[in-house]
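Here is what each chain is made of, one letter per residue.
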Amino acid sequence: MAVTNSSIEWTDSTWSPVTGCTKVSPGCDNCYAEGIARRFSGTKAFPNGFEVTLRPERLDQPLRWKKPRRIFVNSMSDLFHDAVPDEYIARVFAVMAATPDHTFQLLTKRHGRMRSLLSSTAFVEAVQVAFDALADEHEIDLIPGPWPLSNVHLGVSVEDQKWADRRIPALLDTPASVRWISAEPLLGPVDLCGPIVNGHRPRLTYWLTGRPGWGNEYTTDTGITMTSPVTGPRLDWVVCGGESGHGARPMHPDWARSLRDQCVAAGVAFHFKQYGDWVAESMWLHRDTAPAAFLSTDGTTRPLVNGKPTAAPMSRGKDITIRRVGKKAAGRELDGRTWDEMPAEVAR
């Protein structure tokens, strides 16, 4: 399955050389891909429903796309799923190496396998073997770029702090030209300062700034002992969004604001994809653009009748009342503006 004009705001096309997956964390609970696959189970698109299925007939699709584009890889699966052989993943990377004009956006929840595989010399050699075979088959006169491939942007899904603490360090420890996270569906606040040490998070936001600590000590001309900052891998892009569709869970707007503010402070690109199906009551009361469902017959804004107060504080002790209005009505403006930032290497 390939979609050449994707409705996903941060990409141009999707490419799924694998379909099917299994759930690994709460962010998977209402998987849109699973719903689509089960609906069309037994068809050409999903012959095995949502079981992991290799689709080698789709491997050469990016070779046929002549105009450079951003391509979301495996929107209907996870490339690093245990059921996908190493050799097949190497073939996917060979295609990406053979199409350097495209930008490939990979997203995974299997952070451990991603790190071990892409850090392996044997895997890099397997990619070269697959590339040579592909070049012979399609008469490609091209030398693949150095590892990691500059047109492959590696990301992990992060739905809350627990999974941020697990997946982001693995991402930063994986060879990549651009690293990003998708905080969607965002199910809780996420602090990108780094892991907890001795019960506290560091003041320095090193997941965003690339400064994991302090380096070697040195002595100034005046005899004062100092330490120099160490700059390491960092996140280049943060995508954030609420959940939509059947069973959608609400996102507190403060969670999105926090990620935005952290990115702005660190100079990291931020993309707000959507609020999802739920929106805070305070966002709609007294607004001329309130959806029809919020208006009385005389056109004035009415109080919520089926809003849902949070059962427990959602963000630093602050409760809000929310209502399900649907993805389209909720929109994607965060505090009056649309955030469509992209990392410089991706922007076209």
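What counts as what
- Residues numbered from 1 in each chain as written.
- Predicted model: local features only at pLDDT ≥ 70, side-chain atom pairs only at ≥ 80, totals over all residues.
- Heavy atoms only, no water.
- 1 Å grid on protein atoms, 1.4 Å probe; cavity = no way out; pocket = protein on both sides within 12 Å on 5 of 7 lines; lining within 4 Å.
- Points joined across faces, edges and corners; volume = space filled by probe spheres on them.
- Nonpolar A, V, L, I, M, F, W, Y, C, P; charged D, E, K, R; others polar.
- Helix = DSSP H or I, 4+ residues; strand = E, 2+ residues; numbered from the N terminus.
- Expected span 1.5 Å × (residues − 1).
- Buried < 20%, exposed > 50% of the residue type's maximum accessible area, 1.4 Å probe, protein only.
- Patch = residues over 30% accessible without salt bridge, like charges linked within 9 Å, V, L, I, M, F, W, Y side chains within 5 Å.
- Areas by Shrake-Rupley, 256 points an atom, 1.4 Å probe, with all protein chains shown as cover.
- Salt bridge = Lys/Arg side-chain N within 4 Å of Asp/Glu carboxyl O.

**Student:** Describe empty space enclosed by the protein, listing the residues and the values that go with them.
**Tutor:** On inspection of all chains with the given rule, the structure shows one cavity of 30 Å³ or more. Approximately 60 Å³ is the volume found for the largest cavity. Around the largest cavity, the lining residues are Phe93, Leu118, Trp147, Pro148, Leu149, Val152, Leu154, Pro175, Ala176 and Ser177. Split by residue class, the lining of the largest cavity holds nine nonpolar, one polar and no charged.

**Student:** Before we move on, could you go through the layout of surface pockets and cite the residues and values that matter?
**Tutor:** In this model, the largest pocket occupies a volume close to 1100 Å³. In this structure, the largest pocket is lined by 42 residues; those nearest its centre are Cys31, Tyr32, Ala33, Phe72 and Ser75. Examining the composition of the lining of the largest pocket, we find that four residues originate from one element, helix H1 (residues 32-39), more than from any other. For the lining of the largest pocket, the residue count by class is 15 nonpolar, 17 polar and 10 charged.

**Student:** Report on helix H3 (residues 86-98), specifying residues and quantitative values.
**Tutor:** Taking 1.5 Å per residue, 13 residues should reach 18 Å; H3 reaches 18 Å between its end C-alpha atoms and fits that length. With 10 of 13 residues buried, H3 lies mostly within the body of the structure. Among all positions of H3, only Tyr88, Ile89, Ala90, Val92, Phe93, Ala94, Val95, Met96, Ala97 and Ala98 are buried.

**Student:** So what's going on with a nonpolar patch on the surface? Which residues, and what values?
**Tutor:** A cluster of nonpolar side chains, namely Tyr32, Ile36 and Phe40, defines an oily patch on the protein surface of about 270 Å² accessible area. Inspection of the secondary structure assignment puts Phe40 in the loop between H1 and strand E4 (53-54). Accessibility expressed as a relative area gives 36% for Phe40, which makes it partly exposed.

**Student:** Can you break down the pattern of salt bridges residue by residue, with the values?
**Tutor:** One pass over the full model with this rule turns up 19 salt bridges. Salt-bridge contacts for Arg260 lead to Asp261; the nearest nitrogen and oxygen are separated by 3.0 Å. Its relative accessible area of 11% is what places Arg260 among the buried residues. Among the residues examined, Asp261 registers a relative accessible area of 42% and is labelled partly exposed.

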